[in-house]
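# Structure assessment
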Amino acid sequence: MNDKMIIFGSGQIGHDALVFFGSENIDCFCDNNPVLRSTEKYGKTVVSFDDLKTGYREAVVMIAVAGASAYDIVRQCEENGIQDYLVYSFLRETCPDFDGKRMLALIERPEDRLGIRKDIYLKRTRQLEEQLQYFMRHADIHSMKPARGELRRRQRDCVRVSAEFFRKIGVLGISPMLYAGNLLGYVRHGGFIPWDDDIDFALIRKEYEMLKTYCRKYMYSSKEWDERTVTEGKEIAPGMEGYFWFSQHDYFSVVAVFDNDYRINMDFFSLDYYADESSMKKLKRQTGMIRERLVGLESETEKAAYVERLIAENSLNTVEESSRIYFGIDNMEMFCRHQKEDFIPKETVFPLRRVLWEGEWFFAPNRPEDFLEHEFENPWDFPSDIGIPGHYKIDVEKEQQGG
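Note that the structure is predicted; figures quoted are calculated from it, not measured.

## Points about empty space enclosed by the protein
The tally for this structure, following the rule as stated, stands at one cavity of 30 Å³ or more. Looking at the largest cavity, its volume works out to about 30 Å³. Lining the largest cavity are Tyr274, Ser278, Ser279, Lys282, Leu283, Asn317 and Phe343. Tallied by class, residues from the lining of the largest cavity come to three nonpolar, three polar and one charged.

Below you can see the structure in the form of structure tokens.
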């Protein structure tokens, strides 16, 4: 290489790297220990990370520390824009028969070093996958600790905001029930799934349409909210000034807005009664055709209008009440997740339960465990997205450190 390297880590492994590559090829050491700054070790000056960022940004950094600490320094470099680095232990493991001269030739060109960095990340990814699989085999998902910090505060806000909203619309006499991940959290964890970050409810069709009608009549739409205007002849109901609604083709959402534009979404999903003579095979065939058609539509407006027409068409399969319930044709559950090969028995859903969830009273299906079997293929196993909030950007490190 034309430029000398900087060895990150001035301990025993750093000394090994110095000897291996030859002192003449090393400019200096870098170390996170502030006590070592401007000292000399093994005949080389030790610089701080701040010195590295300001004075050595074009240098090749050889990370020479033990074990997982090397990956901590990899992340430290990446987060500070230092991207031309290698991990000494990885190089030695990959090419155990190379001497220092051959290794220097291997990493001579920037494109060669880039390829090695990709290999480093692949190896680390495999290690983390193995660790995760071990954890999932030996841990009990039911005994996981609740979220902390920012994520936990958001969860509590979701509960508080939803309970307040339902009290405000009590005149409607509707019964939104815990749904999807929130129902799973109730059954499996006694509260929120530890990494969940939103709140979902389901409503039988009649009540679902009642809620939509109320919101459209007495609340801001998202467009009205953005423009701070109200459609002529529309009056915002008392207590609804801080909310707006928006409708997607596969769910309906009410949003509460607070200071600094902090928002909590309450998402609602439809359930329908299906006629006793209706066929699950026919319904799934219809769903497949709908999915293909939706892929060809570009805008959400087009998709929403298309699904609105389908709701009317699906009335041929749905009835006011029956012994069988299933997801509405405008419910994303129809398209995204595992589905059992039969309808949901009415007694699985009704009569609804009143349950205490996260300190507030909500409705839940009569047989929540059976209901979940229709939504999730393996509701009692660790999912592939464990630990990853799905909707809002949460600083995971702060969340882990928070109270």
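There is more to say, and it comes next.
## Side note on the sheet that holds strand β5 (residues 60-63)
Strand order across the open sheet formed by six strands is β3-β4-β2-β1-β5-β6, with mixed pairing between neighbours. The open sheet is flanked by β3 (40-41) and β6 (85-87), the only strands paired with a single partner. Relative to strand β4 (residues 44-47), β3 runs antiparallel, the two being bridged by two bridges. Each residue of the ladder has a partner; that of Glu40, found in β4, is Thr45. Across the sheet, helix α3 (residues 69-79) touches β1 (5-8), β5 and β6, and the angle it forms with β6 is around 175°.

## Remarks on the packing of helix α8 (residues 180-189) against helix α15 (residues 368-375)
The interhelical angle for the contact between α8 and α15, taken along N-to-C directions, is 140°, at an axis separation of 10 Å. Accordingly, the angle class assigned to the pair α8 and α15 is oblique. For the pair α8 and α15, the crossing hand works out as left-handed. Across the interface between the two elements, Ala180, Leu183, Leu184, Tyr186 and Val187 of α8 pack against Pro368, Glu369, Phe371, Leu372 and Glu375 of α15. Looking at the contact of α8 with α15 residue by residue, the class counts come to eight nonpolar, no polar and two charged.

## Regarding the environment of Gly9
Along the chain, Gly9 falls in the loop between β1 and α1 (12-21). Assessed through its relative accessible area of 5%, Gly9 is described here as buried. Each C-alpha atom of the pair Gly9 and Cys30 lies 5.9 Å from the other, and the pair is 21 residues apart in sequence. What Gly9 contacts, discounting residues up to four positions off in sequence, is Gly14, Phe29, Cys30, Asp31, Ala64 and Val65.

## Some thoughts on the state of the cysteines
By the definition in use, this model includes zero disulfides. With no disulfide of its own, Cys215 has Cys158 as its nearest cysteine by sulfur position, at a separation of 17 Å.

## Concerning the pattern of salt bridges
By the definition in use, this model includes 19 salt bridges. Residue Arg205 is joined to Asp272 by a salt bridge in which the shortest nitrogen-to-oxygen separation is 2.9 Å. On the criterion of sequence distance, the pair formed by Arg205 in helix α9 (residues 205-218) and Asp272 in strand β12 (residues 263-274) is long-range, its members being 67 residues apart. In this structure Asp272 comes out as buried when scored by relative accessible area, which is 5%. Beyond isolated ion pairs, a larger network of salt bridges with shared partners links Arg205, Glu209, Asp272 and Asp330.

Conventions we followed
Residues numbered from 1 in each chain as written. Predicted model: local features only at pLDDT ≥ 70, side-chain atom pairs only at ≥ 80, totals over all residues. Heavy atoms only, no water. 1 Å grid on protein atoms, 1.4 Å probe; cavity = no way out; pocket = protein on both sides within 12 Å on 5 of 7 lines; lining within 4 Å. Points joined across faces, edges and corners; volume = space filled by probe spheres on them. Nonpolar A, V, L, I, M, F, W, Y, C, P; charged D, E, K, R; others polar. Pairing = 2+ DSSP bridges. Helix = DSSP H or I, 4+ residues; strand = E, 2+ residues; numbered from the N terminus. Contact = heavy atoms within 4.5 Å. Axes fitted to C-alpha atoms, helices over the stretch in contact; angles between N-to-C directions. Parallel < 35°, antiparallel > 145°, perpendicular 65-115°, else oblique. Left-handed = near helix turned anticlockwise from the far one by under 90°. Buried < 20%, exposed > 50% of the residue type's maximum accessible area, 1.4 Å probe, protein only. Disulfide = S-S within 2.5 Å. Salt bridge = Lys/Arg side-chain N within 4 Å of Asp/Glu carboxyl O.

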